[in-house]
Amino acid sequence: MATQSLMRRLPPVSVVIASLVLVVMLVLVIFAPMIAPMDPRDVASYSLMDMEIPPAFMEGGDSRFLLGTDNQGRDLVSVILFGLRISVVIGLGAVVFAAVLGVVLGLVAGFFGGVVDSIVMRIADIFVSFPTILVALLISGIARAQLSAETMLAWAPLVLIFSIAINEWVQYARTVRASTMVEIARDYVRAAKVIGLPSTRIMGRHILPNIMSSVMVIATINLAGAILTEATLSFLGAGMPPTYPSLGTLIRIGNQFLFSGLWWIAVMPATVLVILVLAVNVIGDYLRDHFNPKLMAR
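Residues numbered from 1 in each chain as written. Predicted model: local features only at pLDDT ≥ 70, side-chain atom pairs only at ≥ 80, totals over all residues. Heavy atoms only, no water.

Draft legend 1. Structural view of the overall build of the protein chain. Counting its secondary structure elements, the protein chain contains 13 helices and zero strands. The 298 residues of the protein chain split such that 41% are buried. Contacts in the protein chain between residues far apart in sequence, at least 24 positions, make up 70% of those at least 6 positions apart. Split by element, the accessible area of the protein chain, about 15,800 Å² in all, is 69% carbon and sulfur. When the 19 basic and 17 acidic side-chain charges of the protein chain are each reduced to a single mean position, those positions are 17 Å apart. (Helix = DSSP H or I, 4+ residues; strand = E, 2+ residues; numbered from the N terminus. Buried < 20%, exposed > 50% of the residue type's maximum accessible area, 1.4 Å probe, protein only. Contact = heavy atoms within 4.5 Å. Areas by Shrake-Rupley, 256 points an atom, 1.4 Å probe, with all protein chains shown as cover. Lys, Arg positive; Asp, Glu negative; His and termini not counted. Charge placed at Lys NZ, Arg CZ, Asp CG, Glu CD.)

As structure tokens, this is what we get:
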């Protein structure tokens, strides 16, 4: 019986593999400048003599370029490492921004109720009625129209993070609101109110720690969506500029050469994107099932 109970608590093999893949990718993201053979942001390092070289394992490949080179002579390993870094940073930034905004609004709405709750929820209904991609395209377009080219180049990551996150806070707010309404009916919250603790302390130190598991599950699942949204926007030309080699930008550039025999320019970054999103989704699904009270009781 003890062995069976232990086996139930252990994560499945797919989750272990996904976790290892995600850890490896995070290490590559952190140490990309030291691992990459070249810096794709340095135009002086480009060599047109090395352009469109196939991967090293193909005929005509070069051992210096494991995954080949693109149409500008850039090493694909280096470009993918820096592109992975940008995609992960923007995805994490969007998730953190949306989570903080949604948790704060959800706590306030659930704790105070009444008019405050109605206002927050009606605002949430307005935001959820618009697709994330449409809102992100609108905000990106406004930013490009109002800011100069130099300013937009410097602020592009922050604009993209805001564009993705501004429509994703609703899920956090609704979940936190529902959990808060359950928690305020419990004895420990009533006792805190009776002894005169301020509302901010009750929400921050008593209610919030008890609902963070749901927030973490939503954040993990939404991370994959944020990364895909960034890749989609960059693929459409409304995301990161060409000087920032995000995975979506690399796929967009490679798509122009996909049917001319230079398939690796698009396929290699696309494969990395698929592996990253798949690993995050597997971990997110496991966390959702693990923290589900009905499944935990079995």
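Draft legend 2. Layout of the pattern of salt bridges. Under the counting rule described, the total for this entry stands at six salt bridges. Across the pair Arg177 and Asp117 runs a salt bridge, and its minimum N-O distance is 2.6 Å. You can see Arg177 sitting in helix H8 (residues 169-183) and its partner Asp117 sitting in helix H5 (residues 114-128), a full 60 residues away along the chain. Classification of Asp117 by relative accessible area gives buried; the value is 12%. Arg186 is paired through a salt bridge with Glu183; the nearest N and O atoms lie 3.4 Å apart. (Salt bridge = Lys/Arg side-chain N within 4 Å of Asp/Glu carboxyl O.)

Draft legend 3. Representation of a nonpolar patch on the surface. A grouping of Val23, Val27, Ile30, Phe31, Met34 and Ile35 is seen on the molecular surface, where their side chains present a nonpolar patch of about 570 Å² in accessible area. Contributing elements (two or more residues each) for the nonpolar patch: helix H2 (13-30) and helix H3 (32-35). If you tally residues by element for the nonpolar patch, the top one is H2, at three residues. Looking at the element boundaries, Ile30 is found in helix H2. Overall, the relative accessible area of 53% leaves Ile30 in the exposed class. (Patch = residues over 30% accessible without salt bridge, like charges linked within 9 Å, V, L, I, M, F, W, Y side chains within 5 Å.)

Draft legend 4. Inspection of the packing of aromatic side chains at higher detail. If you walk through the whole model with that rule in mind, you get four aromatic pairs. On the basis of an interplanar angle of 75° and a centroid distance of 5.9 Å, the ring pair of Phe97 and Phe162 is categorised as edge-to-face. Of this pair, Phe97 sits in helix H4 (residues 76-112) while Phe162 is found in helix H7 (residues 149-165), placing the two residues 65 residues apart along the sequence. Judged by centre distance (5.2 Å) and plane angle (80°), the ring pair of Phe111 and Phe112 falls under edge-to-face. When the ring centre of Phe111 is taken as origin, the NZ or CZ atom of Lys193, which lies over that ring, is 4.9 Å away. (Phe/Tyr/Trp six-rings, centres within 6.5 Å; stacked < 30°, edge-to-face > 60°. Lys NZ or Arg CZ within 6 Å of the ring centre and 35° of its normal.)

Draft legend 5. Layout of the environment of Ala124. Along the chain, Ala124 turns up in helix H5. Since its relative accessible area comes to 0%, Ala124 is described here as buried. Measuring from C-alpha to C-alpha, the distance between Ala124 and Gln171 comes to 8.8 Å, with 47 residues separating the pair along the chain. Non-local contacts of Ala124, meaning those with residues more than four positions away in its chain, are made with Trp169 and Val170.

Draft legend 6. Representation of the packing of helix H10 (residues 199-235) against helix H11 (residues 247-255). Interaxial distance between H10 and H11 falls to 7 Å at its minimum, and their mutual angle equals 40°. The angle between H10 and H11 places the two elements in the oblique class. Considering only the axes of H10 and H11, their crossing is right-handed. Counted together, Ala231, Ser234 and Phe235 of H10 and Gly248, Thr249, Ile251, Arg252 and Asn255 of H11 form the full contact between these two elements. (Axes fitted to C-alpha atoms, helices over the stretch in contact; angles between N-to-C directions. Parallel < 35°, antiparallel > 145°, perpendicular 65-115°, else oblique. Left-handed = near helix turned anticlockwise from the far one by under 90°.)

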